[in-house]
Amino acid sequence: MTGQRTIEQISPDEAIAILDFGSQYSQLIARRVRECHVYCQIFRHDEEPSVIQSFAPVGFILSGGPASVYDHAAPRLPAYLLETGKPILGICYGMQLLAYELGGQVMPATHREYGPADLSVCDPHDPLFHDLPSTLRVWMSHGDQVLALPPGFRKLASTASAPIAAFGDEQRRIYGLQFHPEVVHTSYGVQILRNFLYNVCGCQGTWQPASFIAKSIASIRKQVGSSKAICALSGGVDSTVAATLVHRAIGDRLTGIFVNHGLLRLGEAEYNLDLFRRHLGLHVIYVDAAERFLEALRGVSDPEEKRRIIGHEFIRIFEAEARQCGEVRFLVQGTLYPDVIESNAADTRAAARIKTHHNVGGLPAKMELVLIEPLRYLFKDEVRRIGKELGLPDEIVHRQPFPGPGLAVRIIGEVTKERLDLLRAADAIVTSEIKAAGLDKDIWQYFAVLTPIRSVGVMGDGRTYAHVLAIRAVVSEDGMTADWARLPPDLLARISTRIVNEVPGVNRVVYDITSKPPSTIEWE
Ligand code: XMP
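In this text, all values refer to a predicted model and were calculated from it rather than measured experimentally.

Conventions used here
- Residues numbered from 1 in each chain as written.
- Predicted model: local features only at pLDDT ≥ 70, side-chain atom pairs only at ≥ 80, totals over all residues.
- Heavy atoms only, no water.
- Domains from an automatic or database assignment.
- Contact = heavy atoms within 4.5 Å.
- Buried area = accessible area lost by both parts, 1.4 Å probe.
- Salt bridge = Lys/Arg side-chain N within 4 Å of Asp/Glu carboxyl O.
- Core = buried A, V, L, I, M, F, W, Y, C linked by side-chain atoms within 4.5 Å.
- Buried < 20%, exposed > 50% of the residue type's maximum accessible area, 1.4 Å probe, protein only.
- Helix = DSSP H or I, 4+ residues; strand = E, 2+ residues; numbered from the N terminus.
- Pairing = 2+ DSSP bridges.
- Axes fitted to C-alpha atoms, helices over the stretch in contact; angles between N-to-C directions.
- Phe/Tyr/Trp six-rings, centres within 6.5 Å; stacked < 30°, edge-to-face > 60°.
- Lys NZ or Arg CZ within 6 Å of the ring centre and 35° of its normal.

Q: Before we go on, may I ask you to explain the domain arrangement of the chain in this structure?
A: Per the domain assignment, the segments making up the chain are domain 1 (13-200), domain 2 (209-397) and domain 3 (410-511). Computed over C-alpha atoms, the centres of domain 1 and domain 2 are 37 Å apart. Contacts between the two partners involve 11 residues from domain 1, matched on the other side by 13 residues from domain 2. Taken together, both faces of the contact between domain 1 and domain 2 bury some 1,100 Å²; the carbon and sulfur share is 43%. Considering only the side of domain 1, the residues that lose the most area to domain 2 are Q27, R34 and R44, jointly responsible for 47% of the buried surface there. For the pair domain 1 and domain 2, the number of links is 2 salt bridges. Here R34 ties to E382 by a salt bridge, and the two come within 2.6 Å at their closest N and O atoms.

Now the structure itself:
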């Protein structure tokens, strides 16, 4: 990517730095802190001290991690940390590290403790456990544990298997928790984090949609000056919210480009255009490239190859259109924080590439454009809240995610016009029935998948040999993990009957009952 990023757009009044020691829960910690209306960012545990210094956190949270403090290569406490004199909360490995480095004793694990435990709080007046019951159900997931307190520390809570399950030094404002307050299985977990943020760090809760919007608009205005910007629109929540913010900041100097790759759902191109017109008031260039994409995809069955072709075509079209817009300096993208975290972590965690994601938020612009990424530090639920605050209607704010390569990854095998039409018709039935049942807001995604399998059926008096269509509906918080939705059997029956009756070429409907992992949400 040659588009370079310019000034950061976030300048929070108060912020927490989360130092990541390799925990699978680091993102969750960040989300919980944000839920408490306190801004935070995740940093690698060995981040440059100058980066942390310019972030100017009012406190630190040390995440858990897979290491043992006794491992030869175990991550250590950064040298600057204690010198800052700021409050610190160590969770799991973070707690053990504090104990170990401050002169306590850590007991190497003989076995792992994983699951729920009952926590007895020693002192209900302690700032961390203030206003909480004296016994709490908490979630444990650890090997080592703290055996002896470091000098100056008090024991704050215990469980049957962890005599020091929480400790603190009120003077130095350093705390440790052996359990995970960030997971939903810990009752009052968010309250404990809130107590740390408000009672220990002195936070005021300034992270609010309205102030984010005001600051973001001011910063975009300053950044763009009198120049022009362009933005790829898909109709999805992220690009729509990003475009709306930038439009508020620079008005008509922003132009949207909507490339219809012909892989959209029934009526979606018209719907999107109408949506842009009604709610964004933005000048949008519409490019109907359906034929071109179909041609490029002819004879291609491999999922990664489809993704590669679609991404490539998309960029070529987008660039050609952008050139028509004249002197443009900026490109608006709807990149979200999880993508940023994942790419920052990519060199430390050997994540296998599961799918090449293509979307309008990931345009590898070869043009020399400077990126504006107003949502770069936001989680999806925050983007939805910002969208709502910006006055965008629920139909946009709660729109379900749709993959950049569209229906191409929901047609297993070659993409043809006939198969697209068939899938669109079936998908429209799934959508309308789930909406009619009032379940659309509870389900993260629901859609139809066209399988390459044909099966024998009987219709009227005749034998049929036609497509098997699959229905996928999942519940999820963030798309990273998901469970199949327990749709009512009557609803499934209605969907199945309607599809087989109304969509020629389908004689069998199956329901996908796999979670993610081990499956993914999309079939390709
Ligand atoms: P998977 O299938 O990997 O999908 O479990 C996780 C989430 O990502 C969406 N998805 C995509 N989104 N470009 C996107 O913008 C893509 O190429 C892409 N592939 C999958 C998927 O719909 C789900 O919400």
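Right, picking up where we left off after that structure.
Q: Explanation requested: the nonpolar core in the structure shown.
A: Generally speaking, soluble globular proteins have nonpolar side chains that are buried together. In terms of nonpolar packing, the biggest core is built from 111 residues, with I16, I61 and F129 touching the most fellow members. At 8 residues, helix α7 (residues 237-250) tops the list of elements feeding residues into this core. Taken domain by domain, the makeup of this core includes at least three residues from each of domain 1 (13-200) and domain 2 (209-397). Of all hydrophobic cores here, the second largest spans 49 residues; its members include A322, V328, A408 and V430.

Q: Hey, could you run me through the sheet that holds strand β1 (residues 15-20) in this one?
A: By way of backbone hydrogen bonds, the strands of a sheet pair with one another, either parallel or antiparallel. Strand order in the open sheet made by the 9 strands is β2-β1-β3-β4-β11-β10-β9-β6-β7, with mixed pairing throughout. This sheet does not close on itself; its edge strands, each paired only once, are β2 (39-44) and β7 (135-142). On average, adjacent strands in this sheet sit at an angle of 25° to one another, irrespective of strand direction. By the bridge criterion, 8 bridges tie strand β6 (residues 113-121) to β7 in an arrangement that is antiparallel.

Q: Help me understand the pattern of salt bridges, please; the structure alone is not making it clear to me.
A: In the structure shown here, the tally under the stated rule is 33 salt bridges. A salt bridge links E305 to R308; the shortest N-O distance between them is 3.0 Å. Of this pair, E305 and R308 both sit in helix α10 (residues 303-324), separated by 3 residues, roughly a single helical turn. Among the salt bridges present, the one from E373 reaches R376, with a minimum N-O distance of 2.8 Å. Neither residue differs from the other here; E373 and R376 are each classed as buried. Linked by salt bridges that have partners in common, D123, D126, R154 and E170 make up one network.

Q: Please explain the packing of aromatic side chains as it appears in this structure.
A: Working definition: an aromatic ring pair is given by the centre-to-centre distance plus the angle between the planes. Per the stated rule, a full pass over the model turns up 14 aromatic pairs. Plain terms: the ring middles of F258 and Y286 are 5.5 Å apart, the flat faces sit at 35° to each other, and that makes the pair tilted. With F258 in strand β13 (residues 254-260) and Y286 in strand β14 (residues 283-288), this pair connects stretches of sequence that are 28 residues apart. Chaining the aromatic ring pairs together yields one cluster made of Y39, F43, F55, W207 and F212. Note that R265 overlies the ring of F402, its terminal NZ or CZ placed 3.9 Å from the centroid. The aromatic ring of F447 is capped on one face by R410, whose charged end is 3.7 Å from the ring centroid.

Q: How should helix α4 (residues 93-101) be read in this particular structure?
A: Within an α-helix, residues lying three or four positions from one another point in the same direction, as the helix has 3.6 residues per turn. Most of α4 is tucked away: 7 of the 9 residues are buried. All of the buried residues in α4 are Y93, G94, M95, Q96, L97, L98 and A99.

Q: Got a minute to help me understand the sheet that holds strand β15 (residues 330-332) in this structure?
A: The sheet built from 5 strands is open, its strands ordered β14-β13-β12-β15-β16 with parallel pairing. Either end of the sheet is taken by a strand with one partner, and the two such strands are β14 and β16 (370-372). Between one strand axis and the next, the sheet turns through 30° on average, direction left out of account. Looking at chain direction, strand β12 (residues 229-232) and β15 are connected through 3 bridges and run parallel. The partner of C231 across the bridge, within β15, is V332. Across the face of the sheet, α10 comes into contact with β12, β13, β14 and β15 while running at roughly 145° to β13.

Q: Please explain unusual backbone geometry as it appears in this structure.
A: A cis amide bond links K516 with the next residue in sequence, P517, at an omega value of -15°. The omega torsion across P517 and P518 is 10°, close enough to zero to call that bond cis. By the secondary structure assignment, P518 is in the segment after β20 (506-511). The phi dihedral of C92 falls on the positive side, at around 55°, and the residue is not glycine. Mapped onto the elements of the fold, C92 is located in the loop between β4 (88-91) and α4. At Y188, a position not held by glycine, the phi torsion is positive, near 65°.

Q: Just checking my understanding: could you explain the environment of H247 for this structure?
A: On the secondary structure map, H247 appears in helix α7. When the C-alpha atoms of H247 and I372 are compared, they prove to be 12 Å apart, with 125 residues separating the residues in sequence. Leave out the neighbours within four places in its chain, and H247 touches D252, L254, L280, G281 and L282.

Q: How do you make sense of the environment of I315 when you look at a structure like this?
A: Along the chain, I315 falls in helix α10. Given the relative accessible area of 13%, I315 is considered buried. For the pair I315 and V259, spaced 56 residues apart in the sequence, the C-alpha separation amounts to 9.9 Å.

Q: For this particular structure, what's the right way to read the pairing of strand β11 (residues 174-177)?
A: Consecutive residues of a regular strand have side chains that alternate between opposite faces of the sheet. Here β11 shows no split at all, with I174 and G176 on one side and Y175 and L177 on the other all buried. In the sheet, β4 pairs with β11 via 4 bridges, with the strands oriented parallel. When the bridges of β11 are listed, I91 appears paired with L177. Bridge count for strand β10 (residues 166-169) against β11 is 4 bridges, and the pairing is antiparallel. Within β11, the residue paired with F167 across the bridge is G176.

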